[in-house]
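Okay, here's what each chain looks like letter by letter:
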Amino acid sequence: MDLGIAGRKAIVCASSRGLGKACARALAEAGCEIVMNGRDAGVLEKAADEIRRTTGARVNAVACDVGLPEGRAALLAACPEPDILVNNNGGPPPKDFRQISHAEMIAGLEANMIAPIALVQATIDGMAARGFGRIIDITSASVRTPLIGLDLSSGARAGLTAFLAAAARAFADRNVTINHILPGVFDTDRIASAGARQAQMRGMTLEAFRAEREKSVPAKRYGRPEEFGHLCAFLASAHAGYITGQSILIDGGAFNTVV
Ligand code: NAD
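Residues numbered from 1 in each chain as written. Predicted model: local features only at pLDDT ≥ 70, side-chain atom pairs only at ≥ 80, totals over all residues. Heavy atoms only, no water.

**What about empty space enclosed by the protein?**
Thinking step 1. For the structure shown, the criterion picks out one cavity of 30 Å³ or more.
Thinking step 2. What the largest cavity holds in volume is close to 100 Å³.
Thinking step 3. Forming the walls of the largest cavity are 15 residues, and the residues nearest its centre are Asn87, Asn88, Asn89, Ala111 and Pro116.
Thinking step 4. Looking at the lining of the largest cavity, the elements with two or more residues in it are α4 (102-130), β5 (133-138) and α5 (151-163).
Thinking step 5. Per-element tally for the lining of the largest cavity: the top contributor is α4, with five residues.
Thinking step 6. Broken down by class, the residue content of the lining of the largest cavity amounts to eight nonpolar, five polar and two charged. (1 Å grid on protein atoms, 1.4 Å probe; cavity = no way out; pocket = protein on both sides within 12 Å on 5 of 7 lines; lining within 4 Å. Points joined across faces, edges and corners; volume = space filled by probe spheres on them. Helix = DSSP H or I, 4+ residues; strand = E, 2+ residues; numbered from the N terminus. Nonpolar A, V, L, I, M, F, W, Y, C, P; charged D, E, K, R; others polar.)

As structure tokens, this is what we get:
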């Protein structure tokens, strides 16, 4: 299917690896011009180069921390009029909620709620004026289902979702949409390192831990980042203008619900 977004400009935050990178790739395959981002310039440039070589897309790699105002300013300087914004960032580390300090609480809210909102504030009026805008936030299945130890991450992402719910409706008539994608377990570096830690804590091999975790998902496997990227590209497409304010789970059926 032609997604109808060739030539559109996209900022994809935190995209040197994992789900963000998969979104950047899928948008590049659809013909978009991409601003990719990560904190490690070497890793980012390698990822950008791979996407340039394999898709032929124009890719500008901007090494900065999207959690900082100067990082976001650098992204906007590289792409002042984005048509597509994919909000992503690292998540706070798992921790017993009783142990989370005030400073850690604020840092988690900054990273997973305030940073994406700031980028929406900076870009949405331009999108509306041009009559096309697609904003996609990478959040987490934990917005829908509790995960012990990820309380700060879940709270900040649920806050982001609620904060943008009214804006999603307010801009829908100008063909600007805001949606959230909620990943279950995807095969990324982050999941591999978290899995290695949990396997060690439980005295298991990583293979045994992964097999157990895969068995708990109805699809019996981890999600593939490219599956996530394709969903993101569809939500960014010309065909998705009637979908807004939605939180879309992609989790192999893990969340058990009828509707
Ligand atoms: P990952 O660690 O594989 O990749 C994260 C990417 O973000 C890397 O490229 C990293 O360099 C970049 N990054 C991190 N902090 C940044 C910052 N401050 N500024 C710029 N770049 C930054 O992670 P992932 O698995 O792709 O996860 C992406 C997001 O989705 C995270 O917020 C994660 O918590 C969430 N999530 C992932 C899963 C999963 O199964 N992978 C499940 C639920 C939620």
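So, next bit.
**Examining the nonpolar core**
Thinking step 1. Judged by nonpolar contacts, the single largest core of 34 residues is most densely connected at Ile5, Leu27, Ile34, Met36 and Ile84.
Thinking step 2. Counting residues per element, this core draws most heavily on helix α1 (residues 18-29), which supplies six residues.
Thinking step 3. Leave out the neighbours within four places in its chain, and leucine 27 touches Ile5, Ala10, Val12, Cys32, Ile34, Ile84, Val86, Ala233 and Ala236.
Thinking step 4. Ranked by size, the runner-up nonpolar core spans 24 residues in total, among them Cys13, Met113, Val120 and Ile124. (Core = buried A, V, L, I, M, F, W, Y, C linked by side-chain atoms within 4.5 Å. Buried < 20%, exposed > 50% of the residue type's maximum accessible area, 1.4 Å probe, protein only. Contact = heavy atoms within 4.5 Å.)

**Some points on the sheet that holds strand β2 (residues 33-38)**
Thinking step 1. The strand order across the open sheet built from seven strands is β3-β2-β1-β4-β5-β6-β7, with neighbouring strands paired in parallel fashion. Bordering the open sheet on either side are β3 (59-63) and β7 (247-250), each of which pairs with just one other strand. Neighbour-to-neighbour, the strand axes of this sheet turn through a mean angle of 15°, independent of strand direction.
Thinking step 2. In this structure, strand β4 (residues 84-87) lies alongside β5, joined through four bridges in parallel fashion. What sits directly across from valine 86, in β5, is isoleucine 136.
Thinking step 3. Contacts from α1 reach β1 (9-12), β2, β4, β5 and β6 (176-183) within the one sheet, and its direction differs from that of β1 by about 170°.
Thinking step 4. Packing of helix α9 (residues 225-235) onto the sheet brings it into contact with β4, β5, β6 and β7, and relative to β6 it is tilted by some 165°. (Pairing = 2+ DSSP bridges. Axes fitted to C-alpha atoms, helices over the stretch in contact; angles between N-to-C directions.)

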